[in-house]
Amino acid sequence: QVPLVESGGGLVQPGGSLRLSCVASGTIFSIYSLFWYRQAPGKQRRELVASMTTDGTTNYGDSVKGRFTISTDDAKTTLYLQMDSLKPEDTAVYYCQVFRYWGQGIQVTVSS
């Protein structure tokens, strides 16, 4: 069991920025690929937002490419999702994921 604790969500205006954090209790972030997903209101499936492999290679969903950045701290204890130029359609519950573990989900609302 490796609990993943998310923070950093909230309400932001269109065009604004937020940074989500996902903290693991162990070193699992250095062993497996890392992912951010989101589930928008009314949607049944979670959408892949960003990923990072153990060698640092990153990939992004088409809807967020150029606006979002996935990264870790030097100790690989915390996973981040930097979200810039936010749009109302980015409103969703965001989840970090590694191996079989998921964060609890955190709400991001983009609205004026």
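Everything discussed here concerns the structure shown above.
Residue numbering note: each chain is counted from 1, following its sequence as written. Local features in a predicted model are, by the rule used here, given only for residues with pLDDT of at least 70; side-chain atom pairs are given and counted only at 80 or more, and totals for whole chains, interfaces and linings are based on all residues. Excluded from the side-chain calculations are hydrogens and water; all other atoms, namely the structure's heavy atoms, are used.

### Brief notes about the pattern of salt bridges
Piece 1. Every case where a carboxyl oxygen of Asp or Glu lies within 4 Å of a side-chain nitrogen of Lys or Arg is listed as a salt bridge. Tallied over the full model, the rule gives four salt bridges.
Piece 2. For the salt bridge of glutamate 47 with arginine 38, the shortest nitrogen-to-oxygen distance reads 2.9 Å.
Piece 3. Partly exposed residues are those whose accessible area sits between 20% and 50% of the maximum for their type, while under 20% is buried and over 50% is exposed, using a 1.4 Å probe and protein chains only. Of the residues examined, glutamate 47 reaches a relative accessible area of 32% and is grouped as partly exposed.
Piece 4. The partner of lysine 65 in a salt bridge is aspartate 62, with the nearest N and O atoms 3.5 Å apart.
Piece 5. Using a relative accessible area of 68% as the deciding quantity, one classes aspartate 62 as exposed.
Piece 6. Each of Arg38, Glu47, Arg67 and Asp90 takes part in one network of salt bridges that share partners.

Fair warning: the whole summary comes from geometry, so function is off the table for now.
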